[in-house]
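# Survey of secondary and tertiary structure
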Amino acid sequence: MKILTALQIREADQRTIAEENIPSAALMERAANAFTEWFTRKFPDTGKNILICCGPGNNGGDGLAIARMLHALDYAATVWIVAPENKFSPDFLTNQERLPAAIPVTNIKQTSDFPEASEFNLVLDGLFGTGLSRSVTGIYAEIIQHINHLPAQVIAIDVPSGLYTEAPNQLGDAIVQADYTLSFEVPKLAFLLAQNEKYVGEWYLVAINLSPAFLADVTTDKFIFTREQVTQIIQPRRKFSHKGTYGHALLLAGSYGKMGAAALAARACLRSGVGLLSVHCPKVGYTILQTAVPEAMTLPDTEATHLTQLPDLNTYQAIGIGPGLGKEPATRHLVRQLLQTTPAPLVIDADALNIIAEENLQPALPPNTILTPHPKEFERLAGPASDDYNRLKLLQNFCRQYGCFVVLKGGHTCIGTPAGDLYFNITGNPGMATGGTGDVLTGIITALVAQKYSPLDACRLGVYLHGLAGDLARDQVGETALIASDLIENLGAAFRQFGS
Ligand SMILES: NC(=O)C1=CN([C@@H]2O[C@H](COP(=O)(O)OP(=O)(O)OC[C@H]3O[C@@H](n4cnc5c(N)ncnc54)[C@H](OP(=O)(O)O)[C@@H]3O)[C@@H](O)[C@H]2O)[C@H](O)CC1
Ligand SMILES: [K+]
């Protein structure tokens, strides 16, 4: 699913109106209907007092149309029209005319016009949407502060007012802090970034059937990958296959005190369909792995506490390195050697990433290598970011420069590709912010690469299924108690949702 800019969304509007030969107010009616349908399902209690704040543009027009629809469904709707300049969009005016006289309306042009608002349970924010062209000031900023201080739940129409859809706001900008954002048809980049969480709240999309031809043709470098795409990518196992069909993966992992990371990655790798798995670990890990993961073959290093020597690499279809690795000098040398000599695609995580950053080995990354950093590890590799938008730019530049795939882990994990495209994930939950879940992801992606998924597909599938396993685990144990092993236990159920 494409992430579009405000400008592209406006073009989509125009194309839809032209192709369907409908007035633009009809598209607004569609959007308001879609919002109202969602709203009545989410808030079925018609006894709630609802305040609808409308700005002067089409976002405000949506608000007016929604007020009319909610009124018709017996909700108690009150409208505030905030417009100091008396300049309205044509579709705003159309919907103002259509507003039933029974709906109380207050026109707000200055602070002294603010009515008492304590009786409202819900506020619908229709001040500004994708038409925001500058930071909000004056009466608009005051009303936004007012909304943010009301003891009511706030639902943003399309976009929380004051929030730019694809660029950072200035510090101190007035922005509505919504509990929910219900947005039309296409996701906006702002919704996917941690820095906007307190404005966007939980966000949902509703379809308003924008021109399919336009949506198919429009170009973007930012995408969300959906369940439908996962369904298309995932391959069923074949009847006459054998363990050789699904590849032999090698994991280089573990050090004294960190063998758990190796065990988690190994178990996740096996649960993700790899044919054979070998784990190269320090001697201290031999009994641990043979016991914890009997399905894996164990190749002990000559050194007891950390990895010092590469094994023969020639039998593997994928090599994962990093979980629990440590940063001993000999291990640093091993990482350098691996980059220079690997005959198989690499998946690199954790301390292996830190070694690459500290030794400036980025230029030595073989093409199409997959790196799986969290933001701090990414900063060590690519430098500090001024904000989440800037971090995405650094991500695109890094992937282009070194020809690699980077899985930047977070609330919406983002995959960067050598072509400079970004793919955002929508599965997963905050319960997964706990030690070991990254090791599980490394294991999953390594298994998928060994099974000959392309690097992009291995990343997309891996990240989606990892998050889905987390969501299934949350259904069982909640977010607080969730641990990395729960993800592994739920990988089977995640794969089974795709018949695999
Ligand atoms: N395809 C869709 O998704 C549809 C969306 N709809 C809704 O339409 C809005 C976008 O409407 P638009 O009229 O383009 O824009 P806004 O309502 O967000 O605001 C525009 C007006 O506000 C002025 N403006 C912008 N920034 C500021 C500011 N900081 N302070 C004061 N005034 C501001 C702007 O004036 P300019 O001076 O910039 O010209 C406009 O007057 C979308 O979000 C949806 O809610 C459609 O209903 C259906 C299709
Ligand atoms: K809004």
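About the cut-offs
- Residues numbered from 1 in each chain as written.
- Chains lettered and ligands numbered in written order.
- Predicted model: local features only at pLDDT ≥ 70, side-chain atom pairs only at ≥ 80, totals over all residues.
- Heavy atoms only, no water.
- UniProt positions renumbered as here; feature names shortened; annotations may be inferred.
- Pairing = 2+ DSSP bridges.
- Helix = DSSP H or I, 4+ residues; strand = E, 2+ residues; numbered from the N terminus.
- Contact = heavy atoms within 4.5 Å.
- Axes fitted to C-alpha atoms, helices over the stretch in contact; angles between N-to-C directions.
- Donors = N, O, S within 2.8 Å, 3.2 Å for Na, K, Ca; no water.
- Tetrahedral: all angles 85-135°; square planar, octahedral: opposite > 155°, others 65-115°.
- Buried < 20%, exposed > 50% of the residue type's maximum accessible area, 1.4 Å probe, protein only.
- Salt bridge = Lys/Arg side-chain N within 4 Å of Asp/Glu carboxyl O.
- pLDDT = per-residue confidence, 0-100.
- Polar contact = N/O pair within 3.5 Å; in protein donor to acceptor, adjacent residues only side chain to side chain.
- Core = buried A, V, L, I, M, F, W, Y, C linked by side-chain atoms within 4.5 Å.
- Domains from an automatic or database assignment.
- Buried area = accessible area lost by both parts, 1.4 Å probe.

Going by what an unreviewed UniProt entry lists, the protein is known as Bifunctional NAD(P)H-hydrate repair enzyme and is assigned to Adhaeribacter aerolatus. As recorded by UniProt, the Subunit (unreviewed entry) comment attached to the protein reads in full: "Homotetramer."

### With respect to the sheet that holds strand β15 (residues 405–408)
Pairing in this open sheet of 10 strands is mixed, and the strands run β8-β17-β16-β15-β14-β13-β12-β9-β10-β11 from one edge to the other. The strands lining the two open edges of the sheet, one partner per strand, are β8 (222–224) and β11 (297–300). By the bridge criterion, three bridges tie β15 to strand β16 (residues 414–416) in an arrangement that is antiparallel. The partner of Val-407 across the bridge, within β16, is Ile-415. Sheet contacts for helix α14 (residues 388–402): β8, β14 (370–371), β15, β16 and β17 (422–424); angle to β15, the most-contacted strand, approximately 155°. Sheet contacts for helix α16 (residues 455–477): β14, β15, β16 and β17; angle to β15, the most-contacted strand, approximately 10°.

### Details of the coordination of the potassium ion (ligand 2)
Donor atoms from the polypeptide that bind the potassium ion (ligand 2) are Asn-59 (OD1), Asp-125 (O), Phe-128 (O), Ile-157 (O), Val-159 (O) and Ser-161 (OG), placed at 2.5 to 3.0 Å. Considering all six donor atoms around the potassium ion (ligand 2), the spread of angles at the metal, 64 to 175°, places the coordination shape in the irregular class. In primary-sequence terms, the residues that donate to the potassium ion (ligand 2) follow N-x65-D-x2-F-x28-I-x1-V-x1-S. Placement of the pair is Asp-125 in strand β4 (residues 122–126) and Ser-161 in the loop between β5 (153–157) and β6 (180–184), with a sequence separation of 36 residues. For the pair Asp-125 and Ser-161, a shared accessibility class is recorded, and that class is buried.

### Here's the deal with the UniProt feature "binding site: K(+)" (unreviewed entry) in the protein
Annotation from UniProt places "binding site: K(+)" (unreviewed entry) at Asn-59, Asp-125 and Ser-161. A maximum C-alpha distance of 9.2 Å is found for the annotated residues, which run over 103 residues; spatially they form one tight group. Aside from chain neighbours lying at most four places away, what touches Asn-59 is Asp-125, Gly-126, Leu-127, Phe-128, Gly-129, Ile-157, Asp-158 and Ser-161. Overall, the relative accessible area of 0% leaves Asp-125 in the buried class.

### Some remarks on the pattern of salt bridges
Here the idea is simple: oppositely charged side chains can pair when their charged atoms come close. One pass over the full model with this rule turns up 19 salt bridges. Two residues, Lys-376 and Glu-379, come together in a salt bridge whose shortest N-O distance is 3.7 Å. Taken together, the residues span about one helical turn, with Lys-376 and Glu-379 both in helix α13 (residues 375–382) at a distance of three residues. Judged by relative accessible area, Lys-376 falls into the partly exposed class, the value being 43%.

### A few points about the confidence of the model for the protein
Overall, the predicted model of the protein reaches an average pLDDT of 96, with 100% of residues at or above 70. Quick note on the complex model: pTM equals 0.96, ipTM equals 0.98.

### A closer look at the side chain of Thr-220
Examined against the element boundaries, Thr-220 turns out to sit in the loop between α7 (212–217) and β8. Of the polar contacts made by the side chain of Thr-220, one reaches the backbone oxygen of Ile-3; its length is 3.0 Å. Among the polar contacts listed, one links the side chain of Thr-220 to the backbone nitrogen of Lys-222, at a separation of 3.0 Å. Excluding anything up to four places from it in sequence, Thr-220 contacts Lys-2, Ile-3 and Asp-421.

### Some details on the nonpolar core
Formed by 69 residues in total, the largest nonpolar core has its most connected members in Phe-35, Phe-39, Ile-52, Val-79, Leu-124 and Ile-155. Considering every element that reaches this core, the biggest residue donor is helix α2 (residues 24–42), with seven residues. Discounting residues that sit within four places of it in the chain, Val-79 has contacts with Ile-52, Cys-54, Leu-64, Ala-67, Leu-99, Ile-103, Pro-104, Val-105 and Thr-106. Membership of the second largest hydrophobic core comes to 59 residues, among which are Ala-268, Met-432, Leu-491 and Ala-494.

### Overview of unusual backbone geometry
At Asp-74, a residue that is not glycine, the phi angle is positive and equals roughly 75°. With a phi angle near 60°, Asn-86 is a residue other than glycine that sits in the positive phi range. With respect to the helices, strands and loops of the structure, Asn-86 is situated in the loop between β2 (76–82) and α4 (90–98).

### Observations concerning the sheet that holds β2
By way of backbone hydrogen bonds, the strands of a sheet pair with one another, either parallel or antiparallel. Judged by pairing direction, the sheet is parallel, and its seven strands sit side by side in the order β3-β2-β1-β4-β5-β6-β7 without closing on themselves. This sheet does not close on itself; its edge strands, each paired only once, are β3 (105–108) and β7 (202–206). Pairwise comparison of adjacent strand axes, ignoring direction, gives a mean angle of 20° for this sheet. With four bridges connecting them, β4 and β5 associate as parallel partners.

### A few points about the domain arrangement of the protein
Domain assignment breaks the protein into domain 1 (6–220) and domain 2 (227–496). Each of domain 1 and domain 2 has a C-alpha centre, and the two are 41 Å apart. Every contact between the two is made by 14 residues of domain 1 and, on the other side, seven residues of domain 2. Interface of domain 1 and domain 2: buried area, both sides summed, is about 840 Å²; carbon and sulfur atoms make up 65% of it. Looking at the side of domain 1 facing domain 2, the largest losses of area belong to Leu-192, Leu-193 and Gln-195, adding up to 54% of the total buried there. The tally of links between domain 1 and domain 2 comes to zero salt bridges.

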